[in-house]
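Secondary and tertiary structure notes
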Amino acid sequence: MARSNRGIGAATAALALVLGLTSCGDGAAAGGSGKTGLGSATIVLGGKVITWAAAYVAVCQNYFADHGLNVDLTVSPQGTTSAIAGLVSGDALSAMTGAPAAVSPIREGAPVQMLFNASLGYGVQVVGSNKLVAAKKITPDSSLEDRVHALRGETVAILNPGDSIDQLLRFVLPKYGMDPDKDIRMLALNNYSNMFAAMKIDKIGTLAGSPPNGNQAESQGIGKILFSGDEFTELANYPYLVGSANTRELAQNPDKLKALVAGMADAMKLLRDNPEAGKPCLRKEFPDLDQKTFDAAYEYTVKSVPDSPLITPEVFKSLSDFAETSGQPLGVDYDKAVASDLVKQAIG
């Protein structure tokens with residue numbers, strides 16, 4: 001469901017509180033080991049998930065500071081809506097969200113473009129409660145078709161209407177003869193804490209979200225992962241998590257955004273070339289996860305780190321094709337949606 005510009009504007013009012021309460025990590029030290037002079041910037045994440053590994057590592061390893069930018073990495077407890085609102089209002093240099101949330105304001109005419117890709121593949125894990133798994137007779141040997149059919153008649157907790165979970169269900173269910181508007185009920189619960197609480201008391205049969213939430217549900221013994229978005233080969237090049245920029249900032253402060261992209265690129269290279277080197281940075285951000293859950297989520301995440309932050313036409317086509325199949329066409333083309341020239345300049 002597309003959100004209106006009025007909705008984005010209303011969410012902006014809460015952004016000061018969001019930015020004031022939810023900073024994570026130590027931040028890149030001003031005047032770090034590399035270049036200086038670009039000042040500070042706030043980067044807002046639409047949610048605290050381990051799949052934002054490159055952003056956490058870039059702060060932890062001072063990669064942004066190496067390119068002259070002091071970054072305050074912040075998580076929006078109100079989800080992607082307020083993250084995008086902060087971008088539109090100019091309170092944040094970049095919003096890092098799922099691709100559908102990034103495209104929606106562009107389609108609505110907001111001054112936004114997608115800047116970089118941070119995760120390839122479709123990093124959503126769909127979890128069935130223990131009660132559902134037993135009732136539907138799902139086992140580790142069950143076929144993908146049987147695991148998807150287990151959702152029939154169930155209430156599925158999502159974060160927000162039209163989010164990446166919503167779109168995955170609209171993509172997957174018709175493949176197996178199911179109507180997402182008739183065969184399941186999607187219930188927007190805004191955050192994972194609400195989802196977990198509802199599943200623990202059997203108010204919902206299914207929840208879905210990015211790692212480590214599926215892994216954590218298993219670790220807590222409240223359910224089992226039924227299937228993941230990465231089981232569908234046609235989604236291998238899907239840009240699951242993206243960073244967006246305000247077009248005003250792109251025009252007026254391109255060097256800041258180039259530093260942002262370059263820092264992300266450095267972090268991605270570290271995660272690809274030496275995954276173990278980035279692990280302590282992520283462990284610090286998720287101290288409450290038990291080791292088994294953390295290891296599983298981290299392994300899952302590192303495999304999704306792209307070779308380049310550039311959103312290529314091919315990657316964008318995967319996003320567009322998926323949206324079309326899900327019944328929610330993008331409504332924008334590559335040149336309007338993606339600030340590719342600045343990214344190319346940033347990564348050389």
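Attention here is on the structure that accompanies the text. For clarity, every value in this text was computed on a predicted model and none was experimentally measured.

**Focus: the overall build of the protein**
Summing up its helical and strand segments, the protein has 18 helices and 10 strands in all. Considering only residue pairs separated by 6 or more positions, the protein has 82% of its internal contacts joining residues 24 or more positions apart. Total accessible area on the protein stands at roughly 13900 Å², and carbon and sulfur atoms take up 50% of it.

**Topic: the sheet that holds strand β9 (residues 223-228)**
If you trace the five strands from one edge of the open sheet to the other, you get β7-β6-β8-β5-β9, paired in mixed fashion. Because the sheet does not close on itself, it has two edges, and the strands there are β7 (185-188) and β9. Put simply, the sheet's adjacent strands are angled 30 degrees from each other on average, direction ignored. Two elements, strand β5 (residues 125-129) and β9, share five bridges in a ladder whose sense is antiparallel. Directly across from V126, in β9, lies its bridge partner F227. Of the strands in this sheet, β5, β6 (155-158), β7, β8 (206-209) and β9 touch helix α9 (residues 164-172), which is tilted by about 140 degrees from β6.

**Examining the environment of P254**
Within the secondary structure layout, P254 lies in helix α13 (residues 254-273). Along the chain, P254 and A346 lie 92 residues apart, while their C-alpha atoms are 9.6 Å from each other. When sequence neighbours within four positions are dropped, the list of residues in contact with P254 reads E249 and L342.

**A few points about the pairing of strand β1 (residues 40-45)**
Of all six residues in β1, five are buried; the element is thus mostly enclosed. Sheet topology places β1 next to strand β2 (residues 70-75); six bridges connect them, and they run parallel. Note that in β2 the partner of I43 across the bridge is L73. The pairing of β1 with strand β3 (residues 94-98) spans three bridges and is parallel. Residue pairing across strands places V44 opposite A95, the latter belonging to β3.

**Details of the packing of α13 against helix α14 (residues 275-285)**
Closest axis-to-axis distance for the α13/α14 pair is 5 Å, and the angle between their directions is 120 degrees. Between α13 and α14, the contacting residues are L270, L271, R272 and D273 on the first element and P275, A277 and G278 on the second. Per-class residue counts for the contact of α13 with α14 are four nonpolar, one polar and two charged.

**Here we look at the environment of I347**
Its location among the elements puts I347 in helix α18 (residues 340-347). Each C-alpha atom, one on I347 and one on A262, is 6.0 Å from the other, the two residues being 85 residues apart in sequence. Setting aside residues up to four positions removed in sequence, I347 forms contacts with V261, A265, S308, P309 and L310.

**Some thoughts on the pattern of salt bridges**
For the structure shown, the criterion picks out 12 salt bridges. Among the salt bridges present, the one from D166 reaches R170, with a minimum N-O distance of 2.6 Å. Taken together, the residues span about one helical turn, with D166 and R170 both in helix α9 at a distance of four residues. The same class applies to D166 and to R170, which are both buried. One network of salt bridges, in which partners are shared, links D166, R170 and D181.

**Quick word on unusual backbone geometry**
In this structure, P212 follows P211 across a cis peptide bond, with omega equal to 15 degrees. Of note, P212 is situated in the loop between β8 and α11 (213-219). Although it is not a glycine, K137 adopts a positive phi angle of roughly 55 degrees. In this fold, K137 is placed in the loop between α7 (130-135) and α8 (144-149).

**Brief notes about the packing of aromatic side chains**
Enumeration according to the criterion identifies 10 aromatic pairs in this entry. Ring centres of Y56 and F286 lie 5.8 Å apart, and the angle between their planes is 90 degrees; on these two criteria the pair is classed as edge-to-face. Of this pair, Y56 sits in helix α3 (residues 53-60) while F286 sits in the loop between α14 and α15 (291-302); the two residues are 230 residues apart in sequence, bridging distant segments of the chain. Residue F286 is classed as buried on the basis of its relative accessible area of 9%. Measuring from ring centre to ring centre gives 4.6 Å for Y122 and Y238, while their planes differ by 45 degrees; the resulting arrangement is tilted. One end of the pair, Y122, is in the loop between β4 (112-120) and β5; the other, Y238, is in the loop between β9 and β10 (239-246), with 116 residues separating them in the sequence.

**Thoughts on α3**
The buried fraction of α3 amounts to seven of the eight residues, a majority that puts the element mostly inside the structure. Residues A53, A54, A55, Y56, V57, A58 and V59 constitute the buried set of α3. In the segment just after α3, N62 is the residue with positive phi, at about 65 degrees.

**What about the sheet that holds β2?**
Across the sheet, which stays open at both edges, the five strands sit in the order β2-β1-β3-β10-β4 with mixed pairing between neighbours. Of all strands in the sheet, those with a lone pairing partner are β2 and β4, marking the two edges. If you compare each strand with its neighbour and ignore which way they point, the axes differ by 25 degrees on average. Docked against the sheet, α3 engages β1, β2 and β3, running at close to 140 degrees with respect to β2.

Scoring rules and cut-offs
Residues numbered from 1 in each chain as written. Predicted model: local features only at pLDDT ≥ 70, side-chain atom pairs only at ≥ 80, totals over all residues. Heavy atoms only, no water. Helix = DSSP H or I, 4+ residues; strand = E, 2+ residues; numbered from the N terminus. Contact = heavy atoms within 4.5 Å. Areas by Shrake-Rupley, 256 points an atom, 1.4 Å probe, with all protein chains shown as cover. Pairing = 2+ DSSP bridges. Axes fitted to C-alpha atoms, helices over the stretch in contact; angles between N-to-C directions. Buried < 20%, exposed > 50% of the residue type's maximum accessible area, 1.4 Å probe, protein only. Nonpolar A, V, L, I, M, F, W, Y, C, P; charged D, E, K, R; others polar. Salt bridge = Lys/Arg side-chain N within 4 Å of Asp/Glu carboxyl O. Phe/Tyr/Trp six-rings, centres within 6.5 Å; stacked < 30°, edge-to-face > 60°.

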